Amino acid sequence: MAAFLDLGWSVVLLPLLLAVLVAVFGRVLGRSIPVVAIVAPLWVFVYGVLSVLDGVHDLSRAGSVEWLTAAGAGSLTVGWAVDGLTAVMLVVVGLVASLVVLFSVGYLHGESGLPRYFASLCLFTAAMSMLVVADGLVGLFIGWELVGACSYLLIGFWFTRPAAAKAAVKAFLTTRVGDVGLLLALALLWREVGDLSYAGVFAAAPSLAPATVTGASLLLLVGAIGKSAQFPLQIWLPDAMEGPTPVSALIHAATMVAAGVFLIARTWPLFSLSSDALAMTLAVGGLTAIGAAAAALVQTDIKKVLAYSTISQLGFMFAALGVGAWGAAVFHLVTHAAFKALLFLGSGSVIHGSGTQELEEMGGLFRKMPVTGVTWLIGAGALAGLPPLAGFFSKDEILHDVALAEPVWAILLFGASLMTAFYVARTTRLAFFDTYRGNGHPHEGGWSMRLPLIALATLAAAIGFAATWLAETLGTHHGSLDLRVAAGSTLLAALGLLAGWKVSGVDHTGSMQPRMATLASLMREGWGADRLVERVLLAPVASASQFLYRFVDRKAVDGIAEGTAPFARRVGRAFSSLQSGDAQWYATMLGAGAVALLAVVSYVGRGL
Amino acid sequence: MSLLVITIGLFSLGLYGILIRRDLVAILASIEVMLGSATLLLVGLAAAGTPMGTHEGAVEATGVMVIVLAAAEAAIGLALVISVARRFKTTRVDELAEVKG
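The rules behind the values
Residues numbered from 1 in each chain as written. Chains lettered and ligands numbered in written order. Predicted model: local features only at pLDDT ≥ 70, side-chain atom pairs only at ≥ 80, totals over all residues. Helix = DSSP H or I, 4+ residues; strand = E, 2+ residues; numbered from the N terminus. Buried ≥ 20, exposed ≤ 12 C-beta atoms within 10 Å, placed from the backbone. Contact = placed C-beta atoms within 7 Å. Expected span 1.5 Å × (residues − 1). Axes fitted to C-alpha atoms, helices over the stretch in contact; angles between N-to-C directions. Parallel < 35°, antiparallel > 145°, perpendicular 65-115°, else oblique. Left-handed = near helix turned anticlockwise from the far one by under 90°. Nonpolar A, V, L, I, M, F, W, Y, C, P; charged D, E, K, R; others polar. pLDDT = per-residue confidence, 0-100.

Enquirer: I tried to follow the overall build of chain B on my own but got confused; where do I start?
Expert: Summing up its helical and strand segments, chain B has three helices and zero strands in all. Going from the N terminus to the C terminus, chain B shows its helices and strands as α-α-α. A buried classification covers 7% of the 101 residues belonging to chain B. Across chain B, every contact between residues at least 6 apart in sequence was considered, and the portion connecting residues at least 24 apart equals 49%.

Enquirer: What's the story with the overall build of chain A in this structure? I'm lost.
Expert: Broken down by element type, chain A carries 27 helices and two strands. Principal-axis analysis of the C-alpha atoms gives chain A an extent of 115 × 65 × 55 Å. Considering chain A as a whole, with its 608 residues, one finds that 52% of them fall into the buried category. Within chain A, contacts between residues at least 6 apart in sequence are counted, and of these 81% link residues at least 24 apart.

Enquirer: Help me understand helix H6 (residues 114–133) of chain A, please; the structure alone is not making it clear to me.
Expert: The periodicity of an α-helix, 3.6 residues per turn, causes residues three or four positions apart to be oriented the same way. For H6(A), with 20 residues, the first-to-last C-alpha span of 28 Å sits near the 28 Å given by 1.5 Å per residue. The buried fraction of H6(A) amounts to 18 of the 20 residues, a majority that puts the element mostly inside the structure.

Enquirer: I would appreciate a short explanation of helix H22 (residues 447–462) of chain A in the present structure.
Expert: Residues and elements named next belong to chain A. With 16 residues, H22 should cover 22 Å at 1.5 Å per step; its first-to-last C-alpha distance of 22 Å lies within 8% of that length. Looking only at H22, the buried set comprises Met449, Pro452, Leu453, Leu456, Ala457, Leu459, Ala460 and Ala461. Where the residues of H22 are buried, they touch helix H5 (84–107), helix H17 (326–354), helix H19 (370–384) and helix H20 (390–405).

Enquirer: I would appreciate a short explanation of the packing of helix H1 (residues 2–20) of chain B against helix H2 (residues 24–47) of chain B in the present structure.
Expert: The relative placement of two packed helices is expressed as an angle between their axes plus a distance between the axes. All names here are of chain B. Put simply, H1 and H2 touch, their axes get as near as 8 Å, and they point 165° apart. On the basis of the axis angle, H1 is roughly antiparallel to H2. For the pair H1 and H2, the crossing hand works out as left-handed. Residues Leu3, Thr7, Leu10, Phe11, Leu13, Gly14, Leu15, Gly17 and Ile18 of H1 touch H2, and the partners they reach there are Ala26, Ile27, Ser30, Ile31, Val33, Met34, Gly36, Ser37, Ala38, Leu40, Leu41 and Gly44. Residue composition of the contact of H1 with H2, by class: 14 nonpolar, seven polar and no charged.

Enquirer: Any chance you could explain the packing of H5(A) against H6(A) here in plain terms?
Expert: Residue and element names in this part refer to chain A. Between H5 and H6, the shortest axis-to-axis distance is 10 Å and the interhelical angle comes to 170°. In terms of orientation, H5 and H6 fall into the roughly antiparallel class. Residues Thr86, Met89, Leu90, Val93, Ala97 and Val101 of H5 touch H6, and the partners they reach there are Leu121, Thr125, Met128, Ser129, Val132 and Val133. Considered class by class, the residues forming the contact of H5 with H6 number nine nonpolar, three polar and no charged.

Enquirer: Can you help me understand unusual backbone geometry in this one?
Expert: Peptide bonds are trans in most cases, and residues, glycine excluded, mostly fall at negative phi. A cis amide bond, omega 5°, links Phe231(A) with the succeeding residue Pro232(A). Backbone geometry places Ala229(A), a non-glycine residue, at a positive phi of 55°. Mapping Ala229(A) onto the fold places it in the loop between helix H10 (210–227) and helix H11 (236–239). Owing to 29 C-beta atoms within 10 Å, Ala229(A) belongs among the buried residues under this scheme. One non-glycine residue, Lys89(B), adopts positive backbone phi at about 60°.

Enquirer: Quick question: what am I supposed to make of the confidence of the model for chain B here?
Expert: Predicted coordinates in regions of low pLDDT should not be interpreted in detail. Taken as a whole, chain B shows an average pLDDT of 84; of its residues, 89% reach a score of 70 or greater. Per-element mean pLDDT across chain B ranges from 88 in H2(B) up to 90 in H1(B).

Enquirer: Please explain the environment of Met362(A) as it appears in this structure.
Expert: Residues and elements named next belong to chain A. Looking at the element boundaries, Met362 is found in the loop between H17 and helix H18 (365–368). Residue Met362 is classed as buried on the basis of its C-beta count, with 26 C-beta atoms lying within 10 Å. Taking the C-alpha atoms as reference points, Met362 and Ile351, separated by 11 residues in sequence, lie 9.4 Å from one another.

Enquirer: Sorry if this is basic, but what is going on with the environment of Gly148(A) here?
Expert: Residues and elements named next belong to chain A. Note on placement: Gly148 falls in helix H7 (residues 137–155). Expressed as a C-alpha distance, the spacing of Gly148 and Ser274, which sit 126 residues apart in the sequence, is 28 Å. Not counting residues within four places of it along the chain, the set of residues in contact with Gly148 comprises Phe172, Thr175 and Asp179.

If you want it as structure tokens, here you go:
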């Protein structure tokens, strides 16, 4: 088995090959495209599982090639390395991606552009694997950029819809802000260390100047913030819901957005040396967790609820990283991947069945879609943190660790948990219970849609018990269950669920009381972050562009270009009147010219 | 000094003739006057012993050549005037302004 595991590059190259295959021969393959496409994530999954079982949990299983050599500045290598964290990530990526490919078969049945879709999914799998198995920051950066590109391609899958095209560009550009931070971090480390492999950076980290470590960590944090849609770069994720729902489940819930958490966990030896960077991470995570949870309270679109919920849960992970509990963060990453992918696929099933995303037009779907309903309840319970579902264990561990280190932030996170339970109950009741308010005929999807739901529901229910085993794989410490925190958070979850259930029974739209309407609409728009960006960033750029267009381009540049012909014509006409044919007139001009010339020469040359 | 006054006067007289007389023959005659004024100046300056006179005989030879050229030019010019008169039935220069653009 060991020799088999030495094929580390295969988790990148095989999906890449399949992506090309599906893209080029999509028409020939026809209906068997998904059969080919699913091989890519399945291989990643199998490789991940075997790596976990293999039990080599340092970065020793590795290989690398020299990529670029700069005279006098060393050389860049790209390579792969598998340790516990990588193996766990590969399992998550491979599993969720496989189930998403399967789900897409039913969800996108009859859509055009399927070769493009499945090729993008394979490419995404390759890129995400690259990001995960890279043995240094260069490989990670390549994967990092490629997953962003795939995210762009897949959000814009329905590119004829202006909203989708706009959302794709927005997601790409916003995450690009973070990418600049990551690139700067790479540049800084290259200058200070001269080696971008993890091993080299970590070995040099303790001897670096504290300012360098903090600077590099903060720049890495900027990159993580962009990718994981944390405050203040969270604005792209709610819009990214314009993409097909399985894509939202894979990229915008389970894997790509978790890359920020992975990045910080991966570069932990660097982060742990800078208390400032950790404090910043905690602040970003805490604020995002509660802000996004509040925004999720009042959404009317089922996918928007889940989008804000994802931002909020990623905030929990960042908070855990901020207090040094990276094992807890990765644990929550894993459980979140299971239950949030489940909830997204469940919402996809609901959207597919009822033909709408608006909670207002749902209701009573539990009876009409029993499989979706039951699996949704499991996912919802896991998200709310009900024992003994997965989310309970991981969230509990985060709350416990934060409460020990930073009690003030823990209170904030408890508040966010309460809100989480509230919006979970509200969404569940609005979608699945009471009477059906829409005017379609909701129905369950085919087996390819039901199977992933059941598989993920099983995981969301059971995976919490794997905490100890996961901690061993990661090489971190897993504390025993803190009963006080557990009791407290369970109580909060129950309270939140009850309140959410009651309130949503009274008021479907979530606008609450009239005097709360302003606050509610502000929260629905994600605290007005979009409008702020529009006013502060987009409006000045737009008006400057308008000015340049109207005055500089139209008047000056176009004016000169378009003005040459009329100018020449006008000058020609003016001079043609001199060409009268009257020889004596010519002679007069000649004489006058000679006199003028003489005058000039005698004036200029008077001193000679 | 009087040489300059005389030649400038002659030259201006020729130019004046070219500018105001409408008849081609008169214009040709005026050109001859201008040529003559230039030649007179040249030869006069050489005779007055200015530095131009160092090449002995060269200036006088040039003067003679200009006179010969003027004679040839007058012959060709008059021939052209005759042909113009035959073709356009006029020798008035303002009536010959046909190249209107």
